[in-house]
Amino acid sequence: MTRLVLVRREQVLKGGQPLAFLIGLVFAMLVGVVLLLISGHDPLAIYGRMVEASLGSPRAWSITLNRAVPLGLAGLAVAVAGSMGLWNIGAEGQILAGAMMAAWVARLGEGWASPLLITAMLVAAVVGGALLASGPAVARAQIGVNEIITTLMLNEVALRLLQWLIHGSWKDPESHGFPLAPMLPDEARLPGLFERAHWGVVIALGVIALFGLVASRTAWGYELRVAGSSGATARYAGISLKRKITTVLILSGGIAGLAGGIELSGNADRITEGISAGYGFAGIIVAALALLRPSGVAAVALLFGAVQVGGLSIQTMGVSSSVSTILQAFILFGAIGAGVFSRYAVRRVNNDKTSSES
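Here the structure is a predicted model, which means the values were calculated and not measured.

Cut-offs and rules
Residues numbered from 1 in each chain as written. Predicted model: local features only at pLDDT ≥ 70, side-chain atom pairs only at ≥ 80, totals over all residues. Heavy atoms only, no water. Helix = DSSP H or I, 4+ residues; strand = E, 2+ residues; numbered from the N terminus. Expected span 1.5 Å × (residues − 1). Contact = heavy atoms within 4.5 Å. Patch = residues over 30% accessible without salt bridge, like charges linked within 9 Å, V, L, I, M, F, W, Y side chains within 5 Å. Areas by Shrake-Rupley, 256 points an atom, 1.4 Å probe, with all protein chains shown as cover. Salt bridge = Lys/Arg side-chain N within 4 Å of Asp/Glu carboxyl O. Buried < 20%, exposed > 50% of the residue type's maximum accessible area, 1.4 Å probe, protein only. Polar contact = N/O pair within 3.5 Å; in protein donor to acceptor, adjacent residues only side chain to side chain. Bend = angle between axes of the 7 residues up to and from the residue. pLDDT = per-residue confidence, 0-100. Core = buried A, V, L, I, M, F, W, Y, C linked by side-chain atoms within 4.5 Å. Axes fitted to C-alpha atoms, helices over the stretch in contact; angles between N-to-C directions. Parallel < 35°, antiparallel > 145°, perpendicular 65-115°, else oblique. Nonpolar A, V, L, I, M, F, W, Y, C, P; charged D, E, K, R; others polar.

Our next topic: helix α7 (residues 200–217). With 18 residues, α7 extends 25 Å between its outermost C-alpha atoms, agreeing within 8% with the 26 Å of an ideal straight helix rising 1.5 Å per residue. On its buried face, α7 is in contact with α3 (58–82), β2 (192–194), β3 (197–198), α8 (219–229), α10 (241–267) and α12 (294–313).

Moving on, we come to a nonpolar patch on the surface. A surface patch of nonpolar side chains, about 580 Å² in accessible area, is lined by V51, L55, W61, L193, F194, W199 and V202. Sorting the residues of the nonpolar patch by element identifies α2 (43–55) and β2 as the ones contributing at least two each. One can find L193 in strand β2. Taking the relative accessible area as the measure of exposure, L193 reaches 34% and is therefore partly exposed.

What follows covers unusual backbone geometry. Its identity as a non-glycine residue notwithstanding, E195 has a phi of 45°, on the positive side. Tracing the chain through its elements places E195 in the loop between β2 and β3. Look at E195 and you get exposed, because its relative accessible area is 52%. Here the phi dihedral of A277 falls at roughly 50°; this positive angle occurs in a residue that is not glycine. By relative accessible area, which is 48% here, A277 ends up partly exposed.

Glancing now at the environment of L312. Tracing the chain through its elements places L312 in helix α12. Here L312 falls in the partly exposed class, since its relative accessible area comes to 40%. For the pair L312 and I262, spaced 50 residues apart in the sequence, the C-alpha separation amounts to 21 Å.

Bringing the environment of E273 into the picture now. On the secondary structure map, E273 appears in the loop between α10 and α11 (279–289). Measuring from C-alpha to C-alpha, the distance between E273 and L162 comes to 6.7 Å, with 111 residues separating the pair along the chain. When neighbours within four sequence positions are excluded, E273 is seen to be in contact with L96, L159, L162, Q163, I166 and H167. A distance of 3.3 Å separates the side chain of E273 from the side chain of Q163, its partner in a polar contact.

Let us now look at α3. The first and last C-alpha atoms of α3 sit 34 Å apart over 25 residues, in line with the 36 Å expected at 1.5 Å per residue. Where α3 bends most, at A68, the angle is about 30°, and the proline P70 comes one to four residues later. α3 sits mainly inside the fold: 19 of its 25 residues count as buried.

In the predicted model, the protein chain carries a mean pLDDT of 86, and the fraction of residues at 70 or more is 92%. For the stretch residues 354–358, pLDDT sits under 50, and the model shows 13 contacts to residues farther than four places along the chain or on other chains.

Going through the model one piece at a time under the given rule, you end up with five salt bridges. D269 is paired through a salt bridge with R189; the nearest N and O atoms lie 3.5 Å apart. Taken together, the residues span a long stretch of sequence, with D269 in the loop between α10 and α11 and R189 in the loop between α6 (147–167) and β2 at a distance of 80 residues. Where E223 meets K244, a salt bridge forms, and the shortest distance between an N and an O atom there is 3.2 Å. With E223 in helix α8 and K244 in helix α10, this pair connects stretches of sequence that are 21 residues apart. The partly exposed category is assigned to E223, whose relative accessible area is 30%. Taken together, the salt bridges that share partners define one network made up of D186, R189 and D269.

It is worth spelling out the nonpolar core at this point. Among the nonpolar cores identified, the biggest contains 63 residues, and L73 and M84 are the most heavily contacted of them. Judged by nonpolar contacts, the second largest core, of 25 residues, contains M100, A106, A124 and L162.

Right, let's talk about the packing of α7 against α12 for a bit. In the contact formed by α7 and α12, the axes pass within 8 Å of each other and the chain directions differ by 155°. With respect to each other, α7 and α12 are oriented roughly antiparallel. The segment α7 lies against α12, with I208, F211 and G212 engaging P294, V297 and A298. Looking at the contact of α7 with α12, its residues break down into five nonpolar, one polar and no charged.

On to the environment of V123. Locating V123 in the fold gives a position in helix α5 (residues 114–143). For the pair V123 and P185, spaced 62 residues apart in sequence, the C-alpha separation works out to 18 Å.

This paragraph deals with the side chain of T150. The residue T150 is located in helix α6 in this model. A distance of 3.3 Å separates a polar side-chain atom of T150 from the backbone oxygen of E147. Those residues within four positions of T150 in sequence are excluded, and the remaining contacts are P136 and V145.

Structure follows, in structure tokens:
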């Protein structure tokens, strides 16, 4: 009698993770085919529509890039914390905090020149996200409180605070009783890049590239990797773990906050409860699939942006946009499942303890 077991490979298969991601994508599409057939739709027509809407023209690319901006920044925020073995689950709330601070500056700076107002809004957004992350950062660094719990709980705090503002002091007196914040001034809108894409795309790419450079080419990045791989080694090398934890989590929150500021200034007319749109939670998936690498974050965010834009487009064909959410989930499951085999080999073990690799 034999049984199958997983045995760790001596070396991870070269190119295993990109292959795993590709397998995950194919797996998700195959599952999607089955779901669409069951629901009575033509999978080829649906997928064709999704590709056309997300990548089929310059206008489609511009929409996809705009969608990828908050996904990429949220993914980077999670990746920054993850590079030290920390989990920032609060990117969703930090995006809201960043958007709130940016909206507050927009209210204060009405009449300012556009470059000054937009710069101030984005800086305020970074500060807002960083402030929301500072509590969990200090608690984790000083007394060891699990950052997963604290950052997750603050998502709800940020949402409730935004609801309180929109229903209270920020409520537009001309909204006819509806809980709406006032429209942003024209000076608060990011300038366009091409078609519907705005300069937030360039800013996001710059931030991702900058962190990748700093993490890989500077002493700070080296210390970050050492502290993330072994706390004992870091302490032996004289690296302050408390300072690193605090810095990394606050930086992570600031990046997520920037996503909120760009989303408000680039895509929204006013701040709403749904401005984060689940980008913070999707950023966890983006970071996981990218193996916490900035270059991978950009690529995965672009793909997820395309899937989300394509998912919205098929509603006109009578298909629920939740198809895109299902596809994203199965991309993750497929990639994780395939990724296991880049690190482990399947062996058939006999009762007499002889084995052969399958």
